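# Coordinates in review
Okay, here's what each chain looks like letter by letter:
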Amino acid sequence: MTNRLSENICQPELRTAFSTERDEQQAVDQLYQQLNWPGLHFVLFFCSAEYQLDILAPMLQQRFQGVLVAGCTTAGEITAMGYDQGSISAMGFSGDAFAVSGQLIEQLDQFNFHDAQNLIEQLSEQCLMQQVAPIKDHSFALTLFDGLSTQEEQVLVTIDSALGSIPHFGGSAGDDICLSNTHVYFDGAFYTDAAVIILVNTCCEFQVFSGHHMESRDSKLVVTEADSEQRRVLELNAEPAAIEYARVAGVPLEQLNHEVFALNPIAVRIGNEYFVRSIQSVNEDLSLTFYCAVENGIVLTLMQPGELMSTLDQQLSQQEQCLKEHLVTLGCDCFLRRLEAKIRGKLKPLSELLRQHRVVGFNTYGEQIDGMHVNQTFTGVAIGRKA
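## Some points on the overall build of the protein chain
Summing up its helical and strand segments, the protein chain has nine helices and 26 strands in all. Relative to its length of 387 residues, the protein chain is compact, with a C-alpha radius of gyration of 20 Å against a globular reference of 21 Å. For the protein chain, the spread of C-alpha atoms along the three principal axes comes to 60 × 50 × 40 Å. Relative to its full complement of 387 residues, the protein chain shows a buried share of 59%. Within the protein chain, contacts between residues separated by at least 24 positions form 81% of all contacts whose residues are at least 6 apart in sequence.

## What about the packing of aromatic side chains?
By the definition in use, this model includes 14 aromatic pairs. Taking the centre distance of 4.9 Å and the plane angle of 65° together, the rings of Tyr 185 and Phe 190 count as edge-to-face. Judged by relative accessible area, Tyr 185 falls into the buried class, the value being 0%. For Phe 190, a relative accessible area of 14% gives the class buried. Ring centres of Tyr 245 and Phe 261 lie 6.1 Å apart, and the angle between their planes is 55°; this geometry places the pair in the tilted category. Note that Tyr 245 is positioned in helix H5 (residues 241-249) and Phe 261 in helix H6 (residues 258-263), a separation of 16 residues in sequence. Phe 261 matches Tyr 245 in its accessibility class, with the two residues each being buried. An aromatic cluster is built from Phe 42, Phe 93 and Phe 98, whose rings are joined through pairwise contacts.

## A word on unusual backbone geometry
Positive phi, normally seen in glycine, also occurs at Leu 179, with a value near 55°. Position of Leu 179 relative to the elements: it lies in the loop between strand E9 (168-172) and strand E10 (184-186). For Leu 179, a relative accessible area of 25% puts it in the partly exposed group. With a phi angle near 70°, Leu 286 is a residue other than glycine that sits in the positive phi range. Tracing the backbone through its elements, the reader meets Leu 286 in the loop between strand E19 (279-282) and strand E20 (288-290). By relative accessible area, which is 25% here, Leu 286 ends up partly exposed.

## Focus on helix H8 (residues 335-343)
Burial analysis of H8 places seven of its nine residues in the buried class, which makes it a mostly covered element. Residues of H8 that are buried: Phe 335, Leu 336, Arg 337, Arg 338, Leu 339, Glu 340 and Ala 341. Where H8 terminates, the next one or two residues include Gly 345, which has phi positive at roughly 70°.

## Overview of the pairing of strand E18 (residues 273-277)
With four of five residues buried, E18 is to be regarded as a mostly interior element. Two strands pair when backbone bridges link them, and strand E17 (residues 266-270) and E18 are joined in this way by five bridges, in the antiparallel orientation. Across the sheet, residue Val 268 finds its bridge partner in E18, namely Phe 275. Between E17 and E18, which pair antiparallel and follow one another directly, the connecting turn spans two residues, one of which, Gly 271, has a positive phi of 65°.

## Comments concerning the nonpolar core
Phe 98, Ile 198 and Ile 383 are the most contacted members of the largest nonpolar core, which totals 59 residues. If you tally residues by element for this core, the top one is strand E12 (residues 195-202), at six residues. Excluding residues that lie within four positions of it along the chain, Ile 198 makes contacts with Phe 42, Ala 70, Val 100, Ser 101, Gly 102, Phe 140, Ala 141, Leu 142 and Phe 186. Counting 25 residues, the second largest nonpolar core, distinct from the first, contains Leu 221, Ala 249, Val 294 and Leu 300.

## As for helix H7 (residues 308-321)
For H7, built from 14 residues, the straight-helix expectation of 20 Å at 1.5 Å per residue is met to within 8% by its first-to-last C-alpha distance of 20 Å. For H7, the complete set of buried residues consists of Leu 308, Leu 312, Gln 315, Leu 316, Ser 317, Gln 319 and Glu 320. At its buried positions, H7 is contacted by strand E13 (204-211), strand E22 (326-334), H8, helix H9 (347-356), strand E23 (359-364) and strand E26 (378-386).

## Quick look at the sheet that holds strand E25 (residues 372-374)
Taking strand neighbours across the sheet as the criterion, the six strands line up as E7-E12-E8-E9-E24-E25 in an open arrangement whose pairing is mixed. Strand pairing shows two members of the sheet lacking a second neighbour, strand E7 (98-105) and E25, which therefore form its edges. Averaged over all adjacent pairs, the angle separating strand axes in this sheet is 20°, with direction ignored. As judged from the three bridges shared by E9 and strand E24 (residues 367-369), these two strands associate in the antiparallel manner. Residue pairing across strands places Gly 171 opposite Glu 367, the latter belonging to E24. Relative to E7, helix H3 (residues 113-128) is tilted by about 150°, and along the sheet it contacts E7 and E12. On top of the sheet, helix H4 (residues 152-163) reaches E7, strand E8 (139-145), E9, E12, E24 and E25; it is set at about 165° to E8, its chief contact.

## Observations regarding the packing of H7 against H9
Between H7 and H9, whose axes approach to 10 Å, the crossing angle comes to 5°. The orientation of H7 relative to H9 falls into the category roughly parallel. Contacts between H7 and H9 involve Leu 308, Met 309, Leu 312 and Asp 313 from the former and Pro 349, Leu 350, Leu 353 and Leu 354 from the latter. When the residues that make up the contact of H7 with H9 are grouped by side-chain class, the tally is seven nonpolar, no polar and one charged.

## Some details on the environment of Phe 190
Positionally, Phe 190 belongs in strand E11 (residues 189-191). Spatially, the C-alpha atoms of Phe 190 and Pro 58 are 9.7 Å apart, while their sequence positions differ by 132 residues. Ignoring any residue separated from it by four or fewer positions in sequence, one finds Phe 190 in contact with Phe 45, Cys 47, Leu 53, Leu 56, Ala 57, Thr 73, His 183, Val 184 and Tyr 185.

Rules used throughout
- Residue positions are counted from 1 within each chain, in the order its sequence is given.
- Where totals are concerned, whole chains, interfaces and linings use all residues; where local detail is concerned, this predicted model gives features only for residues with pLDDT of at least 70, and gives and counts side-chain atom pairs only at 80 or more.
- Hydrogens and waters are ignored; side-chain quantities use all the structure's heavy atoms.
- Only DSSP runs of H or I reaching four residues or more are called helices, and only runs of E reaching two or more are called strands; each is numbered from the N terminus.
- Note that the radius of gyration is over C-alpha atoms, with the globule rule given as 2.2 Å times the number of residues to the power 0.38.
- Partly exposed residues are those whose accessible area sits between 20% and 50% of the maximum for their type, while under 20% is buried and over 50% is exposed, using a 1.4 Å probe and protein chains only.
- Contacts between residues were defined by any pair of non-hydrogen atoms, one from each residue, lying within 4.5 Å.
- Pairing of aromatic rings covers Phe, Tyr and Trp, the last counted by its six-membered ring, and requires centre-to-centre distances within 6.5 Å; plane angles under 30 degrees mean stacked, over 60 mean edge-to-face, and any other angle means tilted.
- By the convention used here, strands pair only if DSSP detects at least 2 bridges between them.
- We define the nonpolar core as a collection of buried residues of types Ala, Val, Leu, Ile, Met, Phe, Trp, Tyr and Cys that are connected through side-chain atoms lying within 4.5 Å of one another.
- By definition here, a helix of n residues has an expected span of 1.5 Å times n minus one.
- Angles shown run from 0 to 180 degrees and are taken between the N-to-C directions of axes, each axis being a line fitted to C-alpha atoms and, for helices, limited to the stretch in contact.
- Working rule for angles: under 35 degrees goes down as roughly parallel, over 145 as roughly antiparallel, 65 to 115 as roughly perpendicular, anything else as oblique.
- Residue polarity follows a fixed list, in which Ala, Val, Leu, Ile, Met, Phe, Trp, Tyr, Cys and Pro are nonpolar, Asp, Glu, Lys and Arg are charged, and the others, Gly among them, are polar.

This is the structure in structure tokens:
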């Protein structure tokens, strides 16, 4: 692939970068060339799982010495030029406008509210030491999870409780739909069965948001038997889960795949809103494995895609209009949305839309918003100049 250097959003507060080089050393060198300026304080990156991570990790640490670096693997990258695959996309934050602190969370199954409280207090204190802005009303949190850890729900609830009024969003790492090895990166190394939490304290304007384009249909599915820990649903409407899902979706059982899941998602209704719970795979026993936890007794609604392009355009524009001058949007975009766009022949125009709205981020195996784990959703933060 021909190398392309990004057209940096060269502002005092933020810069973006990306590289399509397949050689790890050359890719890191190009990121460094684009992000190396005296005010650099924090680097956030999203990389293809095709890279040799054991080579990439020490190179990132060596090249960005003295700078906090965090990131994860992806199911696709969003660069300053739109969608990409097999690349690295990154953002650099300046220390004069952003105080950033972060922490790796391991042993996710043992993480509790006391741990979360101590962690948020520690991150807040570290940010306050940089004297950029008060924590209240000037901070947001970003979480990155190993996308195959199956621990998002438990950890997110505790983190959200500890964050209080601080808004939060994030995404789960991917591996180009291989569903075998997803990683988060923090301070020099890649990890599995782990998460990274980043607290960003800033004097810049920002808007944390989420949205999807799914519309409800009439069909309902009651989870009558589930293994919540493994995110497996064995029965829907007292029938084998895969058979019943195929029936209501109007698709032959043997044709169930990622494309069918993308075009026929199911969701749980909370209040007046629908939150998508995407299917990951069909198992030999005709159970369904999900990307999100699904509990016994919940009622799921069959959904259908609405207008992806116009809905996303409206959602992004709405956030940008809340800012005096929009700089960039950091986005976590479900890989099933990208897959839907590809199926419908809308991948290039959707990529161009993301470029026009200055979106940088990655395609995820799950999205997070204020303590909730969802799918087929776009979550992110739109960032503007200093308030």
